[in-house]
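Observations on the three-dimensional arrangement
Each chain is listed here by its residues.
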Amino acid sequence: MVTRVSSRNTRFQQLQTLLTNRNKRHRAAEFVVQGVRPITMAVEHGWQVRALVFDAERRLSQWARDLLAAHPHVEHVKMSPDLLAELAEKDEAELLAVVAMRPDELDRIEAGPDFLGVVFDRPTQPGNIGAVIRSADAFGADGVITTGHAADAYDPKAVRATTGSFFATPVVRAPSSAEVMTWVEEHRAAGLPLVVVATDEHGDADVSAFDLTQPVLLLVGSETAGLTRAWLDAADVTLSIPMTGSASSLNAANAATVVLYEARRQRLAK
């Protein structure tokens, strides 16, 4: 099906809503993906494409033509360049994709003997969610969980900040620590010695002194308030990152990256 959009009609407004309105985005269970690499990664990892929106007036690149040819049965939206630039949030965009969300099921994250996962509790900035997902992918984590009332992992700023890692690393939202700890206890009961590790500037141990080669679920707190008391109580250990200078702490994404790197370093050394 081909749809032509040359004005801010109903179809344009629907697409714009996916970018700007979290509630409507989740009711539709779909989101807009911007950029060649993220769209390519979404396709390579089997995410369902529901629509492709492209410039109605330019000669498309071979990449865009191949993508359209590979998805003949989804909606093709031919859009005027100015409107497409508005949705893409940049000039000279040639194609966007509308992609179906995946379910928020913790079992999407596989937990084996080398498990490494991240919980990001109540993140306030979509860009920080994206940065954590990107680091999780880079250092071999099995998945990222966001908990509590938080920024949306499907926000275009979050997806864009992952530079495609969003589609390679399972990302799941959970209401609170209770649901995640139930999942943890189920794995423990099945024989996986899963250790819950929190980051805190007053930690029990230095991150480099703790064994991160065992199955680990890393907890990272909100940028403004840190981890909730429920999460601190659930943690088996709290780890600190040694620092010099006047900074008292790192931001959440940087702290997660440091611990994920240390876990990867230890595992490679082992």
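These numbers were taken from a predicted model, which means no experiment stands behind them.

Contact pair helix α1 (residues 10-20) / helix α5 (residues 81-88): the axes reach a minimum separation of 10 Å and the direction vectors enclose 20 degrees. The orientation of α1 relative to α5 falls into the category roughly parallel. When you trace α1 past α5, the crossing you get is left-handed. In contact with F12, L15, Q16 and L19 of α1, α5 contributes L83, E86 and L87. The class makeup of the residues in the contact of α1 with α5 is five nonpolar, one polar and one charged.

In this section: the pattern of salt bridges. Summed over all chains, the structure comprises 11 salt bridges. One salt bridge in this structure joins D236 and R188, with 2.8 Å as the shortest N-O distance. Residue D236 is located in the loop between α9 (229-234) and β12 (237-240), and its partner R188 is located in helix α8 (residues 177-189); the two are separated by 48 residues in the primary sequence. Under the relative-accessibility criterion, R188 is labelled partly exposed at 24%. Here E262 ties to R265 by a salt bridge, and the two come within 2.7 Å at their closest N and O atoms. With E262 and R265 both in helix α10 (residues 252-269) and three residues apart, this pair spans about one turn of that helix. E262 gets classed as buried once you look at its relative accessible area, which sits at 8%. Overall, R265 belongs to the partly exposed group, its relative accessible area being 37%. Connected via shared salt-bridge partners are E185, R188 and D236.

For the rest of this paragraph, the subject is α1. What α1 keeps buried is the set R11, F12, L15, L18 and L19. Axial view of α1: buried residues confined to an arc of 120 degrees, hence all on one face. Opposite the buried face of α1, by more than 90 degrees, sit the exposed residues T10 and T20.

Take the nonpolar core next. If you look at the biggest cluster of nonpolar residues, it comprises 53 residues, and the most contacted ones within it are F31, F166 and F167. Among the elements that make up this core, the one with the highest residue count is α10 (seven residues). Residues in contact with F167, not counting those within four places in the same chain, are F31, V33, P38, M41, A42, H45, W47 and V159. Listed in part, the 21 residues of the second largest apolar core include V119, M181, W183 and A234.

A few words now on the sheet that holds strand β2 (residues 30-34). Hydrogen bonds between backbone groups are what pair the strands of a sheet, and the pairing can be parallel or antiparallel. An order of β1-β4-β3-β5-β2 is seen for the five strands of this open sheet, with the pairing classed as mixed. Only two strands of the sheet have a single neighbouring strand rather than two, namely β1 (2-5) and β2. If you compare each strand with its neighbour and ignore which way they point, the axes differ by 20 degrees on average. Sheet strands in contact with helix α4 (residues 62-70) are β3 (49-55), β4 (75-79) and β5 (95-100), and its direction is about 35 degrees off that of β5.

Rules used in this analysis
- Residues numbered from 1 in each chain as written.
- Predicted model: local features only at pLDDT ≥ 70, side-chain atom pairs only at ≥ 80, totals over all residues.
- Heavy atoms only, no water.
- Axes fitted to C-alpha atoms, helices over the stretch in contact; angles between N-to-C directions.
- Helix = DSSP H or I, 4+ residues; strand = E, 2+ residues; numbered from the N terminus.
- Parallel < 35°, antiparallel > 145°, perpendicular 65-115°, else oblique.
- Left-handed = near helix turned anticlockwise from the far one by under 90°.
- Contact = heavy atoms within 4.5 Å.
- Nonpolar A, V, L, I, M, F, W, Y, C, P; charged D, E, K, R; others polar.
- Salt bridge = Lys/Arg side-chain N within 4 Å of Asp/Glu carboxyl O.
- Buried < 20%, exposed > 50% of the residue type's maximum accessible area, 1.4 Å probe, protein only.
- Arc of directions from axis to C-beta.
- Core = buried A, V, L, I, M, F, W, Y, C linked by side-chain atoms within 4.5 Å.
- Pairing = 2+ DSSP bridges.

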